[in-house]
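Architecture at a glance
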Amino acid sequence: MAKCVMRKMRRKGLASMAVQTAADTTTLDLGPASALSCRECGERFELGPIFACASCFGPLEVAYDLPTEGPEELRKRIEAGPNNIWRYAPLLPVPADVADKPSLNPGFTKLVEAGNLARELGVTGSLYIKDDSGNPTHSFKDRVVAIAVEAARAFGFTTLSCSSTGNLAGAVGAAAARAGFRSCVFIPHDLEQGKVVMAAVYGGDLVGIEGNYDDVNRFCSELIGDPLGEGWGFVNVNLRPYYGEGSKTLAYEICEQLGWRLPDQIVIPIASGSQLTKIDKGFQELIKLGLVEDRPYKIFGAQAEGCSPVSAAFKAGHEVVRPVKPNTIAKSLAIGNPADGPYVLDIVRRTGGAVEDVDDEQNVAAIKLLARTEGIFAETAGGVTVGVTRKLIESGALDPTLTTVVLNTGDGLKTLDAVAPTTGPAATIRPSLDAFRAAGLAI
Ligand SMILES: *Cc1c(COP(=O)(O)O)cnc(C)c1O
């Protein structure tokens, strides 16, 4: 780790959270990132692998010297970039030559105009699915991991790690393989087979923890403070400020794909809440830079009923989130104690949105609805956003005459168990025309 960061952390009594690395500040290049700043008290810290404010323990986030060129020029520079998240390098904590480094190069996934789904839901405006199942490991997590990998490189880490609800473990395993890091990732032991296999197949070490995600996360926090975890970059713990910035690329892409325009409404799934808060940060940056017109937008959060602490707090009018024990088929969203919960509530209330939840049955019905209408097979997190969208339209919270974007953050092939019991062949027959005729399908 950079010496001055160490010194500052020691002075602040945070040395136990420090992680030794080989990098030096003189060579630290994270592009336009200028500092870390506390979300609570605004205190600033030098860029380093730290995640909590030394004064108030608030979460740290990346502050920037944003580009000073005019919007026309910046737009042109972005549009001339690669067809992945690195086209937005001028707005991310990554070096300018990031596109030349070994990376899975995620992003620039499809924004699908969902006319059939719109008709089913009674939407008369424009309805889009931002389909992030098209990323290299089939979930949105490749975006956040790609940024964390660049931070890990800059700080001199050689091992990548994470606590994961499944998708993150696979994204870290794959990115580590490609970028030349060792990886050791931690998941709850009882995840879907698709997630477990994907987390292990890239050759890193996968450890199942006997407990839920919140237990895994607590374990990783202990590991960071212990010599056992020395030199490890935990993408969603000590690299969390950088990791989070990857979600801004969803905001950038959606606006660019809409012709440099903000959507009126967006529906985002909530696990820790990081993604939702960073999409809002991305919209705000685009407004500040003059890349989109400053008009109101509403952010809606989506949870599974079996793990809906943010939705419950929203409905009760609370400012804090009371932790729950998750029990839902939407395992990628099963975080009972969401770190960014209070910030999600702020953003949703500020923009005039809402947080809603759906039960497992509504989730499965929504997965099938999206598949049947648009040919997109979403994982259970996508069932949550589509199901919640339906509910919000029915309740009148979401305006069906406006432009709405709904996120699908993962691939249905990873959560086959959710739909397998109610999905299968219409008939199984002998290979004969008589048998097919008898099955009654020749209409
Ligand atoms: C991790 C994840 C999310 C959201 O994560 P946050 O912790 O809220 O940023 C959404 N969908 C899928 C499929 C995920 O894996």
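Scroll up for the structure.
Quick caveat: nothing in here was measured; it's all calculated off a predicted structure. Sequence positions are assigned chain by chain, starting from 1 and proceeding in written order. Totals for whole chains, interfaces and linings use all residues, but because this is a predicted model, local features are given only for residues with pLDDT of at least 70 and pairs of side-chain atoms are given and counted only at 80 or more. Each side-chain value is derived from all of the structure's non-hydrogen atoms; neither hydrogens nor water enter the calculation.

1. Some details on the nonpolar core
In plain terms, the rule: Working definition of a nonpolar core: buried Ala, Val, Leu, Ile, Met, Phe, Trp, Tyr and Cys residues. They are joined through side-chain atoms within 4.5 Å. Type-normalised accessible area, obtained with a 1.4 Å probe on protein chains alone, sets the label of each residue: buried when under 20%, exposed when over 50%, and partly exposed for intermediate values. Note on contacts: a residue pair qualifies if any of its non-hydrogen atoms lie within 4.5 Å across the two residues.
The biggest cluster of nonpolar side chains holds 117 residues, and the ones touching the most others in it are Tyr-242 and Ile-266. Once you skip the residues sitting within four places of it in the chain, Ile-266 turns out to touch Ile-254, Ile-279, Phe-283, Lys-298, Ile-299, Phe-300, Val-405 and Leu-407. Ranked by size, the runner-up nonpolar core spans ten residues in total, among them Cys-184, Phe-186, Val-216 and Cys-220.

2. Quick word on the packing of helix α13 (residues 360–374) against helix α14 (residues 380–395)
Here is the rule we go by: Axis angles are defined between N-to-C directions and span 0 to 180 degrees, where every axis is a line fitted to C-alpha atoms and, for a helix, only to the segment in contact. Segments assigned H or I by DSSP are reported as helices when at least four residues long, segments assigned E as strands when at least two residues long, and all are numbered from the N terminus. Under this scheme an angle from 65 to 115 degrees is roughly perpendicular, one under 35 degrees roughly parallel, and one over 145 degrees roughly antiparallel; angles in between are oblique. Classification used: nonpolar for Ala, Val, Leu, Ile, Met, Phe, Trp, Tyr, Cys and Pro, charged for Asp, Glu, Lys and Arg, polar for all others including Gly.
Two numbers describe how α13 lies on α14: the axes approach to 7 Å, and their chain directions differ by 95°. On the basis of their axis angle, the class for α13 and α14 is roughly perpendicular. When α13 is examined against α14, the residues Gln-362, Asn-363, Ala-366, Ile-367, Leu-369 and Leu-370 are found in contact with a partner set consisting of Thr-380, Gly-383, Val-384, Val-386, Gly-387, Arg-390 and Lys-391. Its residues assigned to classes, the contact of α13 with α14 comprises six nonpolar, five polar and two charged.

3. Considering the pattern of salt bridges
Where we set the bar: Criterion for a salt bridge: a side-chain nitrogen of Lys or Arg within 4 Å of a carboxyl oxygen of Asp or Glu.
This model, assessed by the stated rule, comprises 26 salt bridges. Residue Lys-278 pairs with Glu-61 through a salt bridge whose shortest N-O separation is 2.9 Å. Here Lys-278, found in helix α10 (residues 274–288), pairs with Glu-61, found in strand β3 (residues 60–64); they are 217 residues apart in sequence, far enough to count as distant. You can call Lys-278 buried: its relative accessible area is 7%. As a salt-bridge pair, Glu-253 and Arg-143 come within 2.8 Å of each other at their nearest N and O atoms. One end of the pair, Glu-253, is in helix α9 (residues 248–257); the other, Arg-143, is in helix α4 (residues 141–155), and 110 residues separate them in sequence. The class for Glu-253 is buried, based on a relative accessible area of 0%.

4. Regarding the site of the ligand
Stated formally: What makes a residue near a molecule or strand is one non-hydrogen atom of that residue sitting within 4 Å of it.
Within the structure, the ligand sits among 15 residues, and Lys-141, Ser-272, Gly-273, Gln-275 and Thr-409 are positioned closest to it. Of the residues belonging to the shell around the ligand, the class tally is six nonpolar, seven polar and two charged.

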